[in-house]
Structure formats: C-alpha cells, structure tokens
Amino acid sequence: MKQNKVLLIGWDAADWKIIWPLIAKGEMPALKKLMSKGVYGNISTMNPPYSPMLWSSVATGKTPDKHGVLGFVEVMPQLKGIRPVTANSRKVRAIWNILHYKGYKSNLVGWWPSFPAEPINGVVVSDKFQKVHKNPKKKNPIQKGTIHPESLVKSLQDLRMFPHEVTAAHILPCIPKASEINQEKDIRLQSFAKILAENASVHATSTNLMRNTEWDFMAVYYDLIDHFCHTFMKFHPPKLKEVPLNLYEIYKDAVVSAYKIQDMMLERTMQLVDDDTTIIVMSDHGFESGHRRILKMPKYPAAPALEHRQFGIFVAAGPNIKQNEKIYGLGLIDIAPTILNMFDLPVGEDMDGKVALDIFKQPKEPKYIDSWENVKGDFGQHKKIVESDVLDNEQTMQQLVDLGYIEKPDENLEIAILKTKCDLKHNLARVYLGKKDYEHSKLLLLELINTKFPKYQESDFKTKNAENLIKQGFKAGDSVIDTIPFYIDLLSISLNENNFDKAQLYLEKLKALDKKYEVTTFISQAKILVGKRKPHDALKLLEVAKDRKANAEVWLQIGIIYRRLSHFEKAKEAFQNAINIEVDRAKPHQALAETLIRLGDYETAAEHALTAIELVKYFPEAHYTLGEALEKLGDLENAKIAYDTAISLKPKKHHRAEKAKENIEDKVFNPIEVRDKSKFKYQKDQIVIVSGLPRSGTSVMMQMLQKGGIEVLIDYNRKPDQSNPKGYYEYDPVMALHKDNSWLGKAQNKSLKVVAPLLKYLSPKYRYKVIFMNRDLSEVVKSQQKMIGKNPDVLPIHLFEAYNKHLRQVEVWKNKEPSIELVYINYKDVLDNTEDVVEKVTSFIGVDMKKEAMVECVDKSLYRNKS
Amino acid sequence: MGNKVSLQNKNQVYEVTVEGSLGLLAYGDIGLRAWRKVKQSHKQHNDKNETK
C-alpha cells in the first residue's frame with residue numbers, strides 16, 4: 001500500500017453554522033472524529049463565488065483570471081451552442097497534472113469541471129458520469145471522455161444510481177411527511193431524488209476506486225449539501241414568516257439530512273484509508289441559513305453573491321497534521337500549494353495561494369518554481385481539445401437553471417451565445433474587481449457598456465421563448481443584454497478609486513435604468529457624499545436606510561462616517577450594531593478595533609482585530625490595527641510581527657505598516673523619550689510640512705525653512721498682499737489633496753505648506769516632518785476676520801468651535817499615523833524666542849541648516865492682530 | 001419483503017432490503033451493489049410467481 005497519501009474531499013457549500021449544532025448533538029460523528037484528530041477552521045471564498053470557478057482555483061492554486069474557468073457554462077467550439085462548463089475551459093495545470101508529471105497516481109471523482117477526463121496516471125471519473133436522465137425509459141450510455149481510462153467503463157458503469165431508484169426508505173429519514181406532498185404541483189421530491197442519486201453515484205465510484213486502485217492523491221467532489229441548500233434552505237428552521245407552514249413542516253429537516261448523509265459517507269471513506277493518509281474535507285463557500293436567506297432571487301445580485309456565505313469549512317487530519325487545533329485565515333487558493341508541499345514539490349510562483357504551514361506538526365520549508373506552466377513534459381493533459389460527438393447536456397443545463405445558477409438559455413442560439421460571452425466577460429471583470437485590479441476590470445466593463453447589443457422585438461414575445469423572457473423581466477425594445485450589472489460594478493470601482501464624480505454619474509445612470517435600484521443606492525450615495533466631504537448629509541441618508549431596513553453594511557458605513565468625524569463613541573456603537581447583526585464579518589471587527597484604539601481601550605481593540613484576522617487572514621488592515629493595539633499595550637515584539645504580516649500581504653503595499661514597523665525597530669534598538677512625536681533625526685526623502693490653522697504663522701515658518709536652505713515647493717500663484725507681504729508660500733495642488741495626492745513625491749526633501757484640515761489626506765507612502773504652528777485662537781480668528789474685511793473685534797463662536805475640533809483631530813491623526821512626526825511651534829515663540837525655535841526646528845528636521853539666516857528673516861513688525 | 005441480506009462492516013450490520021436505505025448508499029459501491037442484487041432477486045422471485 002502506498003504511503004503518505006492525500007485525500008481531498010469537497011463538500012460544496014458546507015457551512016459551520018449548520019455543522020456545529022449537529023456535532024454538539026452527536027449527529028456528525030465522522031467529521032467530529034476527523035476534527036479531533038486534526039485541524040479545523042474557516043476557509044474564505046472568492047468573488048464571484050461560483051462553484052466551478054472556485055473548485056478550479058482549489059485545484060490550481062490560481063485565481064479564475066489565470067485558470068480560465070469563469071462560470072457555469074461555456075460556449076461550444078465553432079459557436080455550436082452553449083453547454084455546462086468543461087475542463088476544456090481550464091487553461092492551466094491542476095494539481096493532478098503536476099503529480100502525473102512527477103510520477104504520482106491520482107484518482108479524481110466528480111470534480112467540477114473535469115469532463116472530458118484527462119489522461120493522467122490513475123483514474124478520472126468526470127462530472128458527467130453521475131448526470132443521468134431522470135426518465136427511466138431513456139437510455140444513459142457512458143459518453144466518450146467520461147471516464148479515464150476507458151477500460152474502466154465496464155467495471156464502473158453500474159455504480160451510477162438513477163433517480164427512479166430512490167425509495168421511501170431514502171426519502172422518509174429526510175422528509176418524514178413526504179406523503180403530504182402534492183407531486184403534481186411540487187417537483188421538489190424529484191429534485192431530491194436526482195441530487196441524492198447523483199451523489200450516491202459519486203460516492204459508490206469513489207469507494208470503489210479507493211478499494212481497488214493504488215493512488216497517491218485522490219479528490220472527490222460532492223454537491224449534495226449545496227444542491228439541497230438551494231432547494232430546501234428556505235424551509236430550514238427557524239421558519240421564515242413568508243414560508244407556508246405546511247411546506248415548512250414537510251421540508252424543514254431536509255438541509256440537515258444532507259449533512260448527516262454526507263457524514264455517513266465520510267465515515268465509510270475514513271474506513272477505507274490508513275493512518276498514513278492525510279484527509280482534507282473542505283467546502284468552497286458557506287450557505288446562508290439565518291435571517292439573510294433569500295426567498296426570491298433579486299434580479300441584480302450584489303457581491304459577494306447572495307446565498308453563498310463568505311466562509312466555507314476546512315478540516316484536515318493526517319500523520320503530519322496538528323491535532324485538535326483551530327486554524328485561521330485559509331483561502332481556497334492555498335489548497336493546491338499546500339498539497340504540493342505535502343508531496344515535497346515546489347509551488348509555482350505564479351500561484352496566488354500560499355502553503356498553509358500552520359496546519360503542520362513539522363512544516364516543510366516551501367520550495368518554489370517560477371511556473372509549472374513553463375515546464376516541458378507529460379502532464380497528463382489532453383493533446384488537443386477533446387470534443388465528444390454526442391453532447392446531451394439538456395438535463396444538466398436544466399439543473400443549473402433549476403438551482404438558480406443560470407438563467408434559462410435563450411431559444412435564439414445567437415442570442416444565447418452572446419449572453420454567455422457577456423456573462424463570462426462580466427465574471428472575469430468581477431474576478432479582477434475581487435483582486436482590486438480595477439484597471440483590467442474597468443476595461444472589460446467599459447467594453448460591455450459600450451457595445452451596441454441587439455434589442456428584443458415584439459415578434460420575440462410571440463414565440464415559445466416569450467414566457468422565459470417575461471420571467472426574466474424583458475419587454476420588447478429592451479436590449480438583449482442587461483447592462484445594469486456592469487454599471488453596478490463600475491460604480492463600485494469608482495467608489496474604490498475615490499472618483500466620486502464618476503461614481504455619481506454611474507449612480508444616476510443606474511437610477512435611470514432601473515427605478516427599483518433603491519437598496520444599494522443608499523450606501524453608494526452615502527459613500528459619494530462622504531467623498532465629496534458632505535459626511536453629515538451621508539449620515540442623514542444612512543439613518544433613513546437604517547430605519548427602513550437595518551443591516552450590517554448600513555451600520556458599518558454609519559460607523560465609518562462617525563469615526564471620520566472623530567465621534568468615536570458613536571462609531572463604536574455603530575460598529576457594534578453591525579457585529580450584532582453579522583458576527584462573522586471581518587470588516588466591522590477591524591473597524592471597531594481601530595475605533596477602540598482611539599478611545600484608549602487597547603485590549604478590546606486587540607481582541608477585535610484578532611477576530612477580524614481569524615475570519616480573514618488576508619486582511620492587511622486588520623493586522624495593522626492589531627499591531628497598533630499591541631504597540632499601545634507595550635507588546636512591541638508581537639506588534640512588529642503584526643506589522644510584518646500586514647506588509648507581507650499582497651497585493652497592495654502597506655506603507656503605514658512599513659513605517660510603524662520601522663518605528664518599533666527604532667524603539668526597540670534605540671529607546672528615546674519622544675516629545676511632540678519626533679525622533680529628531682533625518683528620515684530618508686522626508687517631506688517637511690508646515691501646517692496650522694489659516695493665519696497661524698505658517699508662511700513665516702516657510703520663509704524660515706527656505707532661508708535655512710530647505711527647498712520649498714510653491715508655485716507663486718498667490719501673490720503677496722497686505723495680509724502676507726512676504727508671500728503665501730502655497731502650492732495649488734495642495735488645495736485638492738483630498739482628491740489627488742499622487743504628486744506628493746515631488747515634495748520629497750522639500751517643504752510644503754498644508755492647512756490643518758487637509759493633513760489627513762497625506763499619503764502614508766512617505767515620511768513627513770510636520771511643523772504645526774500654534775497661535776492663540778482668538779488671534780487667529782481676529783487675523784482672519786481682518787483679512788476678509790470683517791470686523792476683527794467680532795469673533796464668531798462657531799469658528800472657535802470648528803478650529804478647536806480641527807486641533808483635536810490633528811492630535812488623534814498624529815498619534816495614529818506612523819509616517820508622521822510632528823512638533824508644535826508657538827507663533828509667539830517664533831517672534832520672541834526665535835533662536836530656540838530655530839534650534840528645535842533644525843534638530844527636528846535633522847539636516848544642517850543656515851540657522852542665522854532663519855533667525856534674521858523673522859520680521860517682528862508683521863506681528864499684528866494681538867489679542 | 002423476502003431476500004433479506006446483511007452486510008457486516010466492523011461493528012455495524014446493514015440489513016439489505018428491497019427498499020434500500022441511506023446507510024447502504026453511504027456504504028458506497030458494496031452497499032449499492034448489494035442492494036441492487038437483492039432488488040434483482042426480489043424481481044426474479046416475483047416474476048417467477050407471476051408466471052406460475
């Protein structure tokens with residue numbers, strides 16, 4: 001018998017939320033046993049969470065833009081039609097191809113997609129095998145390409161179970177009141193039989209191969225839980241008020257029964273392997289089972305899609321797997337690299353996932369190779385695209401429609417192909433969006449909205465296709481391609497890119513295209529308002545949304561706005577509300593942690609940051625927040641680890657974490673009592689910022705720096721006047737810093753004037769030395785009143801309040817931003833103790849400066865407007 | 001129902017009846033084939049009785 005085998009079992013859509021209560025009641029003993037022998041935890045899915053894409057990512061370690069499987073269906077060669085997605089769509093090598101190249105034997109059963117079966121060492125029983133006609137009178141030959149090697153067709157073909165074989169003995173344990181079903185109107189029992197029969201076929205085949213073949217790696221995929229969930233989840237307890245009581249009573253145990261059946265199958269599977277085998281049981285996403293269940297699919301799904309929850313399950317046990325430990329932060333793309341590592345094989349640098357070293361008792365240092373795609377040799381792939389002559393996909397297509405995965409294909413072949421092509425392009429755009437590759441995503445989406453599509457004619461509604469079209473919401477004159485989903489994604493990208501004018505345009509377009517586009521409008525509109533610096537208007541809007549239907553996203557956005565306004569108590573409350581509604585979402589935990597740091601509750605902050613990381617490991621912001629909390633708690637060592645992790649997580653460079661880590665290293669190796677948050681040493685390519693409230697002496701400080709030898713970044717657009725006879729030392733782009741801060745690199749090793757309210761828009765990419773000018777507030781206000789021609793003796797109270805707030809915000813901002821060092825300079829001291837100020841400023845900046853020239857340039861005669 | 005067969009697996013015994021069971025399906029290929037065998041022999045038995 002072979003040693004150190006790996007068995008990968010896929011349970012599509014399995015979710016801990018259903019599993020935990022079953023384990024507690026002893027109703028999933030096999031999984032419980034596996035967990036106690038190994039590790040378990042969440043595994044996060046990807047966007048869009050469509051199973052063929054996800055399972056292909058599991059098999060390749062790559063995101064769908066690389067592996068090429070982009071949906072449930074594909075266009076047939078020579079545009080003959082559309083069909084369920086096949087392995088032909090996969091452009092890269094799967095784990096079994098790599099193992100083949102290395103001489104290992106793999107068995108593959110039911111993997112989605114795996115038809116046509118690839119010619120690898122071992123056996124492939126593709127996902128076409130279990131798909132049979134529900135009509136017992138129809139013939140079900142095993143099509144060419146269904147099984148590799150073909151010689152096994154004879155010995156395996158009787159292992160297909162047929163829906164018509166399902167009996168009361170199978171149905172009643174799952175649906176005890178099945179006799180009450182009116183089968184003429186309710187076809188769910190037929191779905192039950194089909195799903196159960198298909199999964200029994202997969203299981204019978206896999207157990208057969210486990211017993212009768214030699215293998216090193218085996219992967220088996222079951223869709224039992226997913227398909228039961230799509231069919232019966234609406235009847236799962238607690239009863240939803242919209243669900244009729246009689247149907248609830250009939251079907252309420254169906255979902256749980258799928259988990260129990262799957263567990264019984266696992267028990268048998270575990271009996272068929274030895275202790276040297278590592279078993280992995282995992283799902284590709286979870287499934288909504290609580291109040292967010294969807295009874296009627298909305299036309300335009302919001303990402304991440306609907307009933308599929310962000311987290312699937314992961315359980316692994318084997319000779320080198322830790323025992324009874326919870327593990328965190330796994331992603332689907334980590335599975336292939338982790339299995340390669342188990343076989344001591346190098347991981348492709350072009351794989352998006354990482355080896356999950358945390359699961360191993362004795363982790364092996366991962367080895368790397370540029371790409372497995374560049375290696376020449378036999379990888380057990382098809383030499384050319386294999387097409388079966390007979391493509392009877394009608395049943396499978398219908399099942400995809402029944403499960404709500406695809407819309408019923410258009411009767412008009414040309415239109416059906418066009419729709420499929422657009423869907424696949426859109427899915428690819430969504431993959432890029434999920435990877436934050438906005439440029440590629442935008443290119444595809446713009447292409448989609450700029451294409452002129454044909455329109456439905458009156459005549460189309462007189463064909464047998466009419467019912468289907470009406471069901472999908474089409475009417476004569478409508479474009480055959482609905483562009484609304486493309487605009488939704490373009491809106492989302494514009495918001496992510498802080499392009500609020502564009503976002504507003506897309507939002508208006510959406511409102512014009514669909515009057516019912518209300519729910520998402522609130523959040524998007526609020527984000528636009530915040531972006532346009534109207535946070536109070538955004539809050540008002542979200543309050544309305546909250547009162548209509550409070551959900552976690554609305555509370556999250558409310559919290560974000562309060563945090564931005566420095567109303568930390570209110571922000572805390574909002575984030576807590578978001579968590580109460582949706583406890584297993586990482587973002588509100590991270591946001592709450594960040595807020596708690598501002599409120600000085602570092603311990604609870606660290607706890608929430610950790611929870612966010614437990615939920616999603618690839619969340620740099622959460623690691624950064626954890627680092628910040630730990631740093632405040634004095635745990636510098638672990639804070640550094642947290643910052644390191646934030647830095648190491650791709651795809652975006654985490655500048656804040658880099659600076660924070662450097663600060664900690666400085667603290668550890670060179671502990672200095674810092675005053676004014678400064679290290680009093682030159683930082684490479686630093687930018688010297690002179691800031692303060694308007695009329696607080698910022699211009700004079702700029703002059704001093706210029707005279708001292710620091711180059712100033714100014715444009716001379718604002719001419720000297722009576723209020724500032726020596727000039728304003730301003731640079732126009734600063735005024736639009738909140739929209740565009742990409743130019744800041746120009747200010748490196750120079751000084752730049754930035755008014756206090758704009759400081760928070762400085763990019764964390766650079767190091768800053770901020771000289772913040774303080775001046776008696778009544779003097780500031782008086783000087784401003786005079787400047788704008790108002791009575792300087794009338795001091796508006798609201799201005800005092802506003803300025804005080806700005807100063808408080810600068811305090812918070814300064815402490816929060818690791819790239820910032822800041823000293824306060826009193827304007828009065830500039831005039832009265834100029835030498836001391838020059839001393840402080842020059843040591844703060846950390847370079848040699850012409851101190852005498854700096855002192856000389858201060859013109860005390862300009863000190864007017866004394867209070 | 002006639003033609004009852006038992007399948008023994010470690011400490012578990014599966015009663016193989018014509019109706020079948022979820023346990024048999026979970027038992028995999030052996031369970032499925034054992035069930036089909038029982039169904040087949042039950043059918044043959046019935047067919048024989050009908051022709052008598």
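Note that the structure is predicted; figures quoted are calculated from it, not measured. (Residues numbered from 1 in each chain as written. Chains lettered and ligands numbered in written order. Predicted model: local features only at pLDDT ≥ 70, side-chain atom pairs only at ≥ 80, totals over all residues.)

Chemist: Give me the lowdown on the overall build of chain A, citing residues and values where you can.
Modeler: Helix and strand counts for chain A come out as 33 helices and 20 strands. For 867 residues, the compact-globule estimate of 2.2 N^0.38 gives 29 Å, and chain A sits close to it at 32 Å. With the principal axes as the frame, chain A shows a C-alpha extent of 105 × 65 × 50 Å. A total of 867 residues make up chain A; the buried ones form 47% of that total. Counting contacts in chain A only where the partners sit at least 6 residues apart, residues at least 24 apart contribute 67% of the total. (Helix = DSSP H or I, 4+ residues; strand = E, 2+ residues; numbered from the N terminus. Rg over C-alpha atoms; globule rule 2.2 N^0.38 Å. Buried ≥ 20, exposed ≤ 12 C-beta atoms within 10 Å, placed from the backbone. Contact = placed C-beta atoms within 7 Å.)

Chemist: Just give me the short version of the overall build of chain B, but keep the residues and values in it.
Modeler: If you tally the helices and strands in chain B, you get two helices and two strands. Taken from the N to the C terminus, the helices and strands of chain B come in the order β-β-α-α. Sequence-distant contacts in chain B: of pairs separated by 6 or more residues, those separated by 24 or more amount to 27%.

Chemist: Tell me about the nonpolar core, and name the residues and values.
Modeler: Counting 130 residues, the largest nonpolar core has Ile 95, Ile 225, Phe 228, Val 255, Val 281, Val 315 and Ala 316 of chain A as the members making the most contacts within it. One finds Ala 429, Leu 491, Ala 586 and Tyr 624 of chain A within the second-largest nonpolar core, a separate group that totals 71 residues. (Core = buried A, V, L, I, M, F, W, Y, C linked by C-beta atoms within 7 Å.)

Chemist: Describe the interface of chain A and chain B, naming the residues involved and giving the relevant values.
Modeler: Of the residues lining the interface, 16 residues belong to chain A; the matching set on chain B comes to eleven residues. Considering each element in turn, the side of chain A that touches chain B owes the most residues, five residues, to helix H8 (residues 188–212) of chain A. A per-class count over the side of chain A that touches chain B returns ten nonpolar, five polar and one charged. (Nonpolar A, V, L, I, M, F, W, Y, C, P; charged D, E, K, R; others polar.)

Chemist: Quick rundown of the confidence of the model for chain A? Include the residues and the values.
Modeler: Confidence in the prediction of chain A, expressed as mean pLDDT, is 88, and 93% of residues score 70 or more. A low-confidence stretch, residues 670–674 of chain A (pLDDT under 50), is modelled with two contacts involving residues beyond four sequence positions or located in other chains. (pLDDT = per-residue confidence, 0-100.)

Chemist: Lay out the domain arrangement of chain A with the relevant residues and their values.
Modeler: Size of an interface: often given as the accessible area lost when the parts come together. For chain A, the assigned domains read domain 1 (6–396), domain 2 (410–497) and domain 3 (687–862). Between the C-alpha centres of domain 2 of chain A and domain 3 of chain A there is a distance of 52 Å. (Domains from an automatic or database assignment.)

Chemist: Can you lay out helix H3 (residues 51–60) of chain A for me, pointing to particular residues and giving the numbers?
Modeler: Residues spaced three or four apart along an α-helix point in a common direction, a consequence of the helix completing one turn every 3.6 residues. Residue and element names in this part refer to chain A. When you tally the buried positions in H3, you get ten out of ten residues, the bulk of the element. Looking at H3, one finds that the buried residues are Ser 51, Pro 52, Met 53, Leu 54, Trp 55, Ser 56, Ser 57, Val 58, Ala 59 and Thr 60. Against strand E1 (6–11), helix H4 (64–67), helix H5 (95–101), strand E8 (217–222), helix H9 (224–232) and helix H12 (335–342) lie the buried residues of H3. Downstream of H3 by one or two residues, Gly 61 has phi in the positive range, about 75°.

Chemist: Residue-level account of the packing of helix H21 (residues 552–564) of chain A against helix H23 (residues 586–598) of chain A, with values.
Modeler: Residue and element names in this part refer to chain A. Taken N-terminus to C-terminus, the directions of H21 and H23 make an angle of 25°; their axes are 11 Å apart at the nearest point. The angle between the axes of H21 and H23 places the two elements in the roughly parallel class. Considering the relative orientation of H21 and H23, their crossing is left-handed. Counted together, Ala 552, Leu 556, Gly 559, Ile 560 and Arg 563 of H21 and Lys 587, Pro 588, Ala 591 and Thr 595 of H23 form the full contact between these two elements. Of the residues contributing to the contact of H21 with H23, the split by class is five nonpolar, two polar and two charged. (Axes fitted to C-alpha atoms, helices over the stretch in contact; angles between N-to-C directions. Parallel < 35°, antiparallel > 145°, perpendicular 65-115°, else oblique. Left-handed = near helix turned anticlockwise from the far one by under 90°.)

Chemist: How would you explain the sheet that holds strand E13 (residues 325–331) of chain A if you had to name every residue and give the values?
Modeler: Residues and elements named next belong to chain A. An order of E7-E6-E5-E8-E1-E9-E12-E2-E13 is seen for the nine strands of this open sheet, with the pairing classed as mixed. Each having just a single partner strand, strand E7 (147–148) and E13 make up the two edges of the open sheet. The pairing of strand E6 (residues 122–125) with E7 spans two bridges and is classified as antiparallel. Bridge pairing in E7 places Val 124 opposite His 148. (Pairing = 2+ DSSP bridges.)

Chemist: Account for the sheet that holds strand E16 (residues 687–692) of chain A, naming residues and giving values.
Modeler: Residues and elements named next belong to chain A. Read from one edge of the open sheet, five strands run E17-E18-E16-E19-E20, paired in parallel fashion. With partners counted over all chains shown, the strands left at the sheet margins are strand E17 (711–712) and strand E20 (820–826), one partner each. Examined bridge by bridge, E16 and strand E18 (residues 750–753) share three bridges and lie parallel to one another. By the bridge assignment, Val 688 is partnered in E18 with Ser 751. Of the strands in this sheet, E16, strand E19 (768–774) and E20 touch helix H32 (residues 834–845), which is tilted by about 175° from E20.

Chemist: Account for the pairing of strand E12 (residues 311–317) of chain A, naming residues and giving values.
Modeler: Residues and elements named next belong to chain A. Burial within E12 is extensive, with seven of its seven residues counted as buried. The alternating pattern of E12 places Phe 311, Ile 313, Val 315 and Ala 317 on one face and Gly 312, Phe 314 and Ala 316 on the opposite face, and all of these are buried. Where strand E2 (residues 39–44) and E12 come together, six bridges link them in antiparallel fashion. Bridging from a neighbouring strand, Asn 42 pairs with Ile 313 of E12. Pairing of strand E9 (residues 278–282) with E12 involves four bridges; the strand directions are antiparallel. By the bridge assignment for E12, Ile 280 is matched with Ala 316.

Chemist: Could you give an account of unusual backbone geometry, naming the residues involved and the relevant values?
Modeler: Residue and element names in this part refer to chain A. Cis geometry marks the peptide bond from Asn 47 to Pro 48, where omega comes out at -5°. By secondary structure assignment, the location of Pro 48 is in the loop between E2 and H3. Here Pro 237 and Pro 238 are connected by a cis peptide whose omega angle stands at -5°. Of note, Asp 344 is a non-glycine position whose phi angle comes to about 60°, a positive value. By the secondary structure assignment, Asp 344 is in the loop between H12 and strand E14 (347–348).

Chemist: Could you give an account of the confidence of the model for chain B, naming the residues involved and the relevant values?
Modeler: All names here are of chain B. Per-chain confidence: chain B averages 84 in pLDDT, with 85% of residues scoring 70 or above. Ranking the elements of chain B by mean pLDDT puts strand E1 (residues 5–9) last, at 72, and helix H1 (residues 22–26) first, at 96. Interface predicted TM-score (ipTM) for the complex: 0.90; the corresponding pTM is 0.76.

Chemist: Describe the pairing of E18 of chain A, naming the residues involved and giving the relevant values.
Modeler: Note that E17 of chain A and E18 of chain A share two bridges and pair parallel. Among the inter-strand pairings, Val 712 of chain A is bridged to a residue of E18 of chain A, identified as Ser 751 of chain A.

Chemist: Explain the environment of Asn 140 of chain A residue by residue, including any values.
Modeler: All names here are of chain A. You can see Asn 140 is positioned in the loop between E6 and E7. Classification of Asn 140 by C-beta neighbours within 10 Å gives partly exposed; the count is 15. Placed 20 residues apart in sequence, Asn 140 and Arg 160 show a C-alpha to C-alpha distance of 9.9 Å.

Chemist: So what's going on with the packing of helix H14 (residues 413–434) of chain A against helix H17 (residues 484–496) of chain A? Which residues, and what values?
Modeler: All names here are of chain A. The contact between H14 and H17 brings their axes to 11 Å, and the two run at 15°. Here H14 lies roughly parallel to H17, going by the angle between them. Between H14 and H17 the crossing geometry is left-handed. Where H14 abuts H17, its residues His 426, Ala 429, Arg 430 and Leu 433 lie against Pro 485, Phe 486, Asp 489, Ser 492 and Ile 493. By residue class, the composition of the contact of H14 with H17 is five nonpolar, two polar and two charged.

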